[in-house]
Structures are given as structure tokens and as C-alpha cells.
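Chain residues, written in single-letter form:
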Amino acid sequence: MQRGGGLTESKRLELLRQVAAGIAAQFGSGCEVVVHDLDSNDPDSSIVAIENGQVTGRKVGDGPSHVVLEALRSGRANLQDHLSYLTRTKDGKILKSSTFYIRDDDGNAVGIFGINYDITLMLAMENMLR
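Residues numbered from 1 in each chain as written. Predicted model: local features only at pLDDT ≥ 70, side-chain atom pairs only at ≥ 80, totals over all residues. Heavy atoms only, no water.

## What to know about the overall build of the chain
Reasoning step 1: Of the regular secondary structure elements, the chain holds three helices and five strands.
Reasoning step 2: Taken from the N to the C terminus, the helices and strands of the chain come in the order α-β-β-α-β-β-β-α.
Reasoning step 3: In the chain, buried positions account for 37% of the 130 residues.
Reasoning step 4: Summarising the internal contacts of the chain: among those between residues at least 6 apart in sequence, 44% fall at separations of at least 24.
Reasoning step 5: Element-wise, carbon and sulfur atoms account for 53% of the exposed surface of the chain, whose accessible area totals about 7,600 Å².
Reasoning step 6: Placing the 14 positive and 17 negative side-chain charges of the chain at their respective mean positions leaves the two points 3 Å apart. (Helix = DSSP H or I, 4+ residues; strand = E, 2+ residues; numbered from the N terminus. Buried < 20%, exposed > 50% of the residue type's maximum accessible area, 1.4 Å probe, protein only. Contact = heavy atoms within 4.5 Å. Areas by Shrake-Rupley, 256 points an atom, 1.4 Å probe, with all protein chains shown as cover. Lys, Arg positive; Asp, Glu negative; His and termini not counted. Charge placed at Lys NZ, Arg CZ, Asp CG, Glu CD.)

Have a look at this one:
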């Protein structure tokens, strides 16, 4: 990630890792938090930090979800944060997700901060109560 917002690349990445770990600890093992570096120019291996990767089965060195890959095709300057949307994993988990684009001083997306919260059990309990 390029320099921006007064933080060097390494400081920004360290801050994002710290925030990711805090969010994952707060919400537990069903909450995946992932940091992508878009400056690697290889979207298929953009993950540089991930907490609770078991939610989607991803790890450092993997790429973003299909939803994010589709958004990236529109160009980095056109990307908009996508908040509180539902997705489904290959193994059937239902996730409530938010994608935040990290921008450099010129407004170009250089990274992604993503939160994927497994709500499968909550939805099942809600349906059972009805």
C-alpha cells in the first residue's frame, strides 16, 4: 500500500492488522477480518492479514471474494465501500459482510479492509423461533 494519510506503508498495515485483531477478538471466531494489499497488482494473492480465516477458508496469500473481484473490474477510482451485504460461502454459510476501500492521497484504492460475519446460526435460530 502506498504512502497516504501521514502513515508509512508499514505503519498503515500494522494499524490495519491491529484493528483486524481487535474486531475479531470482540466478535469471536465467527467474524473474519481481512486486509488486502491492492498494490501487489495480483488480486488473486492480495490478502496480507486475516483473522478467523476459517469462516471462508482463506489465508494470507489468497485473493478477495468474487463480489470484490467484480467491483475491482470497474477500476480503482470508481470503487465504493459496500456495507452490510449478505453473501454465501461455498460450504453454505451465510455471511453479513462489509468492504472498506483504503485509499491513497490521490483517492485511488490501494487496499481493502473486509469484515465477514457468519450469521448462519443466528438466522436458523430466528427461523426456529417463528
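## A short note on the nonpolar core
Reasoning step 1: Membership of the largest hydrophobic core is limited to 12 residues, which are L13, L16, A20, A24, C31, V33, V35, A49, I102, V110, F113 and I115.
Reasoning step 2: Broken down by secondary-structure element, the contributors of at least two residues to this core are α1 (9-27), β1 (31-37) and β5 (109-118).
Reasoning step 3: The dominant element in this core, judged by the number of residues it contributes, is α1, at four residues.
Reasoning step 4: Look past the residues within four positions of F113 in its chain and what remains in contact with it is L16, V19, A20, I23, V33, V34, V35, S98, T99, F100 and I102.
Reasoning step 5: In this structure, L38, V68, Y101 and I112 belong to the second largest nonpolar core, which totals seven residues. (Core = buried A, V, L, I, M, F, W, Y, C linked by side-chain atoms within 4.5 Å.)

## Observations concerning the sheet that holds strand β2 (residues 47-51)
Reasoning step 1: One open sheet accounts for five strands, arranged β2-β1-β5-β4-β3; its pairing is antiparallel. On the outer flanks of this sheet lie β2 and β3 (82-88), each paired with one strand and no other. The mean angle between the axes of side-by-side strands here comes to 20°, regardless of whether they run parallel or antiparallel.
Reasoning step 2: For β3 and strand β4 (residues 94-103), the ladder comprises five bridges, and the chain directions are antiparallel. (Pairing = 2+ DSSP bridges. Axes fitted to C-alpha atoms, helices over the stretch in contact; angles between N-to-C directions.)

## Things to note about unusual backbone geometry
Among all residues save glycine, negative phi is the norm, and among peptide bonds the norm is trans.
Reasoning step 1: The phi dihedral of N52 is positive, around 60°, even though this residue is not glycine.
Reasoning step 2: Following the sequence through the fold, N52 ends up in the loop between β2 and α2 (66-72).
Reasoning step 3: Positive phi is not limited to glycine here, since S84 has a value of about 55°.
Reasoning step 4: Turning to its location among the elements, S84 is positioned in strand β3.

## Some words on the side chain of H36
Reasoning step 1: Relative to the helices and strands, H36 is located in strand β1.
Reasoning step 2: Of note is the side chain of H36, whose polar atom sits 2.7 Å from the side chain of S46. (Polar contact = N/O pair within 3.5 Å; in protein donor to acceptor, adjacent residues only side chain to side chain.)

## Quick look at the packing of aromatic side chains
Reasoning step 1: For the coordinates displayed, the defined rule picks out one aromatic pair.
Reasoning step 2: Between the aromatic rings of F27 and Y117, the centroid separation amounts to 6.1 Å while the plane-to-plane angle is 70°, which identifies the pairing as edge-to-face. Of this pair, F27 sits in helix α1 while Y117 is found in strand β5, placing the two residues 90 residues apart along the sequence.
Reasoning step 3: Residue F27 is classed as partly exposed on the basis of its relative accessible area of 48%. (Phe/Tyr/Trp six-rings, centres within 6.5 Å; stacked < 30°, edge-to-face > 60°.)

## Quick notes on the side chain of S98
Reasoning step 1: With respect to the helices, strands and loops of the structure, S98 is situated in strand β4.
Reasoning step 2: Within the structure, the side chain of S98 is placed 2.9 Å from the backbone nitrogen of S84, a separation counted as a polar contact.
Reasoning step 3: Apart from the residues within four sequence positions on either side, S98 is in contact with H82, L83, S84, Y85, F113, G114 and I115.

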